[in-house]
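# Survey of secondary and tertiary structure
Chain by chain, the residues run as shown.
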Amino acid sequence: MSELRDLYQQVILDHHRKPRNCYVMSCATRTADGHNPLCGDTVKVYLRISDGRIEEISFQGSGCAICTASTSLMTESVKGKTVAETTQLFRTFHDMLTGVAAEQGLDLGKLMVFEGVREYPVRVKCATLAWHTLKAALDNSGSPASTESSSSTA
Amino acid sequence: MIPATAATALDFARVRADFPALDQEVHGRPLVYLDSAATTQKPTAVLEAIDNFYRRDCANVHRGVHTLSQRATVAYESARTAVKEHLGARDSREIVFTRGTTEAINLVAASFVRPRLGAGDEVLISAMEHHSNIVPWQLLCAERGANLRVIPIDDRGDVILEEYERLLSERTRIVGITWVSNALGTVNPIREMIATAHSRGIPVLVDGAQAVPHLAVDVVELDCDFLAFSGHKAYGPTGIGALYGKRAHLLEMPPYQGGGDMILSVSFERTVYQEPPHRFEAGTPNIAGAIGLAAALSYLEGLGAEAVADHERRLLDEATRKVLEVPGARLIGSARHRAGALSFVLDGIHPHDIGTILDAEGVAVRAGHHCAQPVMKRYGVSATVRASFGVYNSSDDIEALVRGLHTAREVFS
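Quick caveat: nothing in here was measured; it's all calculated off a predicted structure.

## Description of the overall build of chain A
In terms of regular secondary structure, chain A is built from five helices and four strands. What you see in chain A, going N to C, is helices and strands ordered as α-α-β-β-β-α-α-α-β. The globule rule puts the C-alpha radius of gyration for 154 residues at 15 Å, and the 15 Å found for chain A is close to it. With respect to the principal axes defined by its C-alpha atoms, chain A has extents near 45 × 40 × 30 Å. Summing over all exposed atoms, chain A offers an accessible surface of approximately 7,300 Å²; the carbon and sulfur share of this is 48%. Side chains of chain A carry 16 positive and 17 negative charges; the gap between the two charge centres is 5 Å.

## Concerning the overall build of chain B
Per the secondary structure count, chain B includes 14 helices and 17 strands. Each principal axis of the C-alpha atoms in chain B carries an extent, and together these give about 75 × 55 × 40 Å. Residues classed as buried in chain B amount to 58% of the 413 residues present. Counting contacts in chain B only where the partners sit at least 6 residues apart, residues at least 24 apart contribute 72% of the total. Accessible surface, chain B: about 16,200 Å² in total, of which carbon and sulfur atoms supply 50%. Positive and negative side-chain charges of chain B, numbering 41 and 50 respectively, have mean locations separated by a distance of 4 Å.

## Considerations on empty space enclosed by the protein
Remark: the empty space left among the atoms is shown by a probe the size of a water molecule rolled over them. All names here are of chain A. Taken as a whole, this structure holds three cavities of 30 Å³ or more when the rule is applied. Taken as a whole, the largest cavity spans an internal volume of roughly 50 Å³. As for the largest cavity, its lining consists of Thr 86, Thr 87, Phe 90, Trp 131, Leu 134, Lys 135 and Leu 138. Of all elements in the fold, only helix H4 (83–98) and helix H5 (124–139) reach the threshold of two or more residues within the lining of the largest cavity.

## Brief notes about the state of the cysteines
If you walk through the whole model with that rule in mind, you get zero disulfides over all chains. Among the cysteines around Cys67(A), which has no disulfide bond, Cys64(A) carries the closest sulfur, lying 5.3 Å off.

## Side note on the interface of chain B and chain A
Taken together, the contacts link 18 residues of chain B with 21 residues of chain A. Counting the surface lost from both chain B and chain A, the interface buries some 1,600 Å², and carbon and sulfur atoms represent 59% of this. Of all residues in chain B, His352(B), Thr356(B) and Val411(B) give up the largest surface area on contact with chain A, accounting jointly for 31% of the area buried on that side. The tally of links from chain B across to chain A stands at one salt bridge. For Asp353(B), the salt bridge identified is with Arg123(A), shortest N-O distance 2.8 Å. If you look at where chain B meets chain A, you find nine residue pairs in polar contact (both at pLDDT 80 or more). Going through the elements one at a time, helix H5 (135–144), helix H12 (351–360) and helix H14 (395–411) of chain B are the ones with two or more residues in the side of chain B that touches chain A. With five residues, H12(B) is the largest single contributor of residues to the side of chain B that touches chain A.

## A look at helix H10 (residues 287–303) of chain B
Residues and elements named next belong to chain B. For H10, which comprises 17 residues, the first-to-last C-alpha distance of 25 Å matches the rise-based estimate of 24 Å (1.5 Å per residue) to within 8%. Taken across its 17 residues, H10 has 14 buried, putting it largely inside the fold. Of the residues trailing H10, Gly 304 is marked for its positive phi of about 95 degrees.

## A look at the sheet that holds strand S3 (residues 53–62) of chain A
Residue and element names in this part refer to chain A. If you walk across this open sheet you meet the four strands as S3-S2-S1-S4, and the pairing is mixed. The open sheet terminates on both sides in strands that have one partner only, identified here as S3 and strand S4 (145–146). Across nine bridges, strand S2 (residues 41–50) lies against S3 in antiparallel orientation. Bridged to Thr 42 within S3 is Ser 62.

## Describing the layout of surface pockets
Considering only enclosed or pocket space, the largest pocket measures out at about 500 Å³ in volume. Taken together, 22 residues form the lining of the largest pocket, with Val122(A), Arg123(A), His352(B), Gly355(B) and Thr356(B) sitting closest to its centre. Those elements that provide at least two residues to the lining of the largest pocket are helix H1 (2–7) and H5 of chain A together with H12, strand S15 (363–364) and strand S16 (366–368) of chain B. With five residues, the top contributor of residues to the lining of the largest pocket is H12(B). Residue composition of the lining of the largest pocket, by class: eleven nonpolar, five polar and six charged.

## A closer look at the domain arrangement of chain B
Note on interface size: it is often stated as the accessible area lost on association of the parts. All names here are of chain B. For chain B, the assigned domains are domain 1 (12–30 + 304–411) and domain 2 (47–301). Taking the mean C-alpha position of each, domain 1 and domain 2 sit 28 Å from one another. Taken together, the contact pairs 35 residues of domain 1 with 27 residues of domain 2. Buried surface at the junction of domain 1 and domain 2, summed over both partners, amounts to about 2,500 Å²; 54% is from carbon and sulfur atoms. Where domain 1 packs against domain 2, one counts two salt bridges.

## Overview of helix H7 (residues 190–198) of chain B
All names here are of chain B. Those residues of H7 that fall on the buried side of the exposure criterion are Ile 190, Met 193, Ile 194, Thr 196 and Ala 197. Burial along H7 is one-sided: seen end-on, the buried residues are contained in an arc of 160 degrees. Considering only its buried residues, H7 is in contact with strand S6 (147–151), helix H6 (161–167), strand S7 (172–178), strand S8 (204–207) and helix H8 (219–222).

Cut-offs and rules
- In every chain, residue numbers begin from 1 and rise along the written sequence.
- All chains are assigned letters beginning at A, and all ligands numbers beginning at 1, according to the order in which they are written.
- Only residues with pLDDT of at least 70 get local features here, since the model is predicted, and only at 80 or more are side-chain atom pairs given and counted; chain-wide, interface and lining totals rely on the full set of residues.
- Derived side-chain values reflect all non-hydrogen atoms in the structure, with water molecules and hydrogen atoms excluded from consideration.
- Secondary structure counts use DSSP, requiring at least four H or I residues in a row for a helix and at least two E residues in a row for a strand, with both numbered from the N terminus.
- In this setup the radius of gyration rests on C-alpha atoms only. A globule is expected at 2.2 Å times the number of residues raised to 0.38.
- The accessible surface values rely on the Shrake-Rupley method and a 1.4 Å probe; as for residues, cover is taken only from the protein chains in view.
- The sign given to each residue is positive for Lys and Arg and negative for Asp and Glu; His and the chain ends receive no count.
- Charge positions are represented by NZ for Lys, CZ for Arg, CG for Asp and CD for Glu.
- Burial classes follow relative accessibility: with a 1.4 Å probe on protein chains only, a residue under 20% of its type's maximum area counts as buried, one over 50% as exposed, and anything between as partly exposed.
- In this description, contact between two residues means that some pair of their heavy atoms is separated by no more than 4.5 Å.
- Grid spacing is 1 Å over the protein atoms alone, the probe is 1.4 Å, and a cavity is where that probe fits but cannot get out, while a pocket is an open set with protein on both sides within 12 Å along at least five of seven lines and lining residues have an atom within 4 Å of a point.
- Grid points are joined across faces, edges and corners, and a volume is the space filled by probe spheres set on the points.
- A pair of cysteine sulfur atoms is labelled a disulfide when the two atoms are within 2.5 Å.
- We define buried area as the total accessible area lost by two parts upon association, computed with a 1.4 Å probe and summed across both.
- We count a salt bridge whenever a side-chain nitrogen from Lys or Arg sits within 4 Å of a carboxyl oxygen from Asp or Glu.
- For this analysis, a polar contact is any N or O atom pair within 3.5 Å, provided that within protein one partner can donate a hydrogen and the other can accept it, and provided that sequence-adjacent residues contribute only side-chain to side-chain pairs.
- In this analysis, the expected span of each helix is defined as 1.5 Å times one less than the number of residues it contains.
- DSSP-based pairing: two strands are paired if at least 2 bridges between them are found.
- Gly counts as polar in this scheme, as do all residues outside two lists: the nonpolar Ala, Val, Leu, Ile, Met, Phe, Trp, Tyr, Cys and Pro, and the charged Asp, Glu, Lys and Arg.
- Where each domain starts and ends follows an automatic or database-derived domain assignment.
- The directions considered for the arc run from the helix axis to the C-beta atoms.

Structure, rendered in structure tokens:
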């Protein structure tokens, strides 16, 4: 039970139950869809970017507690940040989850609640789906983000 | 076919001791394995059969006059006879070894259906198929300009037979239907469905992946044209399975893959192929796998089909009852006749989170879409928790599952 509490911390459960910034943004300047084909989690990220800065961010989607809480906390963390700062934050977050010692990592703040996910390698993708989707929106690639690479359908 | 011996109850303690992998701890808890629909654990008899082959008889088959090659050939072809017996087929030449169900279905799609599928023709499957009985047909239909039609299922998870009859058309070239659904546990009335298709001259392929481990099979009685199954879901090794095909069909089918072992003679001008089944087994086959599969089927027959079915029916009933007592639990699939697996969701807790929490308690279940995304869509869920059963499971395992579900509710309270 205590190990499970390291994974399912109160902050995570709180954001799972009451996700922040969870709405459709009608004035979004960028959007992207994310999908984890292995478990069916989906997320859509909406951005309003002005002068290289994320003025507003929101999301819609369905997923497990880790995925939903990660998306919710991500929106709080990157709101007001520049695109460059956001990219750097994702790198630091990803390094923490995969156990890579970050050399010049940023302060992850609240995102540290996901540290326990490192002990559950199959769940790392649940915590990073939102970030991959955010990155796709920032890159404005137009193609949906996926935790797996994909080819065309039959 | 498994002989219908008197239904003696399984000697549970002995059965469990036959599976060495079950005797271990996971996260400090005794392993409770409830994921047999994904793959079963293997009894010692299977491990020993494979080990013996590699230690004593390892040689290539169908070539070489030396003793080991002869032993390997006899063992491999005896395994084919064992599969034939288990399925109740008339002729060993109706059994083609494949990598598993997926390859068997692809073989039928490529060699049997492709030559008879024209633009505008139809392939008919059901809404509860595993991706392995969807995607090969999609690929083929796209290539031939044909259409994939889908028999709908009702809220309980049964195929709607009236719709099935309506969908069987003059353009239908094959029906591909699962006997037992891996995601819902539904047992389809395939005998009736086969008879209906045959009354219109349409052949039927049965996906038997989830049926062979749980039910007595008799392909002659079913009168199916093809039946595909995997060894690893029936206590055998991975990478081996078989296709049963009626002799008349196999004889008219062109090769699936080209290579060694499937030919009579080769020159650059002309190659003469072997007769079935060897025509469809290009390259050195999975000899050890076939031998392991034969040992697995022999093990199942030793337990008795009725005893196995009875044991698993009681487990499924008990698990259904007890899981539904957990507040917020909802069954996904409540067909009239089910076997092997129980799919469910808990209000407010995603199946993935349940899977992780159960694993921490040593309980292995599958959480996800079970390679049946259209089924998940039908029920408006992205995933379910699936507990599936084998001959080695007991009431204790179900209690561990239910305890784990209560822990999940506690974590999320």
